[in-house]
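# Summary of structural features
One letter stands for each residue in the lines below.
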Amino acid sequence: MQRTSVGRDIAAKPVAVAPVLRRTPTCRIAPGRADRSTRNHSAPALVAKAPASSHVESNGAHSAPVPAPASTSRDASDAAASSALSANLLLICPDQKGVIAAVSQLLYGFGCNIVASDQFTDSSSSMFFQRITFDFSEIVIGPGNTAVLERAIAELANRFNMKWKISYTNKVKRMAVLVSKQDHCLYDLLIRHRSGELRCEIPLIISNHPDLKHIADTFDVPFVHLPLDKNNKEAQEEALEKLLKDEKIDVVILARYMQIFTQGFCERHWEHTINIHHSFLPAFEGARPYHRAHERGVKIIGATAHFATAELDAGPIIDQAVARITHRDNVEDMIRKGRDLERMVLARAVRWHLDDRVMVYNNKTVVFED
């Protein structure tokens, strides 16, 4: 699970920067350049409810990435290490001058090379969002000492009142998929994972019914059946949480898992739990949305991927899609068309989350699409 740090001291003070070795700099962004040099996303983010408090652990305990093992070919080994030793840095802070320059200068001072950068300023809240991908294979303190880099980022965060998160691409996220009886989203995720489209590990599939075990067996993924009824909900959630902890799960996907979690579970896990709802939220939340949409005579149906907060179907929205409906479509037609939307929307949301492209602030998401 990713770690964040919130800086509270906005007084200007020097940033601790490691000394630069005498060599040709690898960073291509000059520290003194204007703050708006990178591509700017201007699309407004979608509104959804989200808890104000964060339960993510604080920075400083990231496991340091390990360089690629030695190869018989030095050139091949160096190339592999370089491609593996990259990281994604996500930043949220009040919009102000000097943020991009300060972050670029810090990474430059450590010998890191910025390979991609994207940013967005929300004019309604005056908040600044940035996603930076950088190569740290030539970091001056050695690739195994990223904790030093993180401490420097934390000091910078204090200066700009910044919330930040760093993720190392050589640490593949572990994803658990929760299902009930419907199989279309599960099949789609497993096929995309097998084809390499979703970069993650899937150590287990969890279900409150035994019906989809054969799918897990087909893809050689362990299947865990956790029966659920009104008398054992707390015990079932405790068993679920133990599985997530034991398997070191980073991401939880509710692939048509037709159960509502308790408030406590949602408060602990909403930031890394993605649900697919078979409706264009906020319309027709809850159960049987296609039937209610048919009764209402709507001309558009949709699907929504969102973070699973304690408020039913009201978490921050990651992605949505719609399809047109006519008077000729019955409920079965709408369900069939809706399933296509569900597969596509969930897959996009999962991929963006795995790639550290989703940021949440003030009941909205900012998504730096690929």
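The paragraphs below set out a description of the structure included in this document. (Residues numbered from 1 in each chain as written. Predicted model: local features only at pLDDT ≥ 70, side-chain atom pairs only at ≥ 80, totals over all residues. Heavy atoms only, no water.)

## A short note on the overall build of the protein
- From N to C terminus, the protein includes nine helices and 15 strands.
- Residue pairs at least 24 apart in sequence account for 73% of intrachain contacts in the protein once pairs closer than 6 positions are excluded.
- By element, 52% of the accessible surface of the protein is carried by carbon and sulfur atoms, the whole surface being about 18000 Å². (Helix = DSSP H or I, 4+ residues; strand = E, 2+ residues; numbered from the N terminus. Contact = heavy atoms within 4.5 Å. Areas by Shrake-Rupley, 256 points an atom, 1.4 Å probe, with all protein chains shown as cover.)

## Quick word on the nonpolar core
- Within the largest apolar cluster, 44 residues are counted, with the highest numbers of intra-cluster contacts made by Ile 301 and Leu 346.
- Tallying contributions element by element places helix H9 (residues 331-354) first for this core, with eight residues.
- In this structure Ile 301 touches Tyr 290, Ala 293, Ala 321, Val 322, Ala 323, Ile 325, Met 334, Lys 337, Gly 338 and Leu 341, once residues within four positions along its chain are discounted.
- If you look at the next biggest cluster of nonpolar residues, it comprises 29 residues, including Val 103, Phe 110, Phe 136 and Ile 153. (Core = buried A, V, L, I, M, F, W, Y, C linked by side-chain atoms within 4.5 Å. Buried < 20%, exposed > 50% of the residue type's maximum accessible area, 1.4 Å probe, protein only.)

## A closer look at the pattern of salt bridges
- Summed over the entire model, instances satisfying the criterion amount to 16 salt bridges.
- For the salt bridge of Asp 217 with Lys 213, the shortest nitrogen-to-oxygen distance reads 2.9 Å. One end of the pair is Asp 217 and the other is Lys 213, both in helix H5 (residues 213-218) and four residues apart, which spans about a single turn. (Salt bridge = Lys/Arg side-chain N within 4 Å of Asp/Glu carboxyl O.)

## Quick look at the sheet that holds strand S12 (residues 300-307)
- Spatial strand order, S9-S8-S7-S10-S11-S12-S13: seven strands in an open sheet with mixed pairing. Since the sheet does not close on itself, it has two edges, and those belong to strand S9 (223-225) and strand S13 (317-324), each with one partner. Taking the axes of each pair of neighbouring strands and ignoring which way they run, one obtains an average angle of 20 degrees across the sheet.
- Relative to strand S8 (residues 201-207), strand S7 (residues 174-179) runs parallel, the two sharing five bridges. Of the residues in S8, the one forming a bridge with Arg 174 is Glu 201.
- Contacts from helix H4 (residues 184-194) reach S7, S8, strand S10 (251-254) and strand S11 (273-277), with the element oriented near 170 degrees to S8. (Pairing = 2+ DSSP bridges. Axes fitted to C-alpha atoms, helices over the stretch in contact; angles between N-to-C directions.)

Read these as layout, nothing more, since geometry by itself doesn't imply function.
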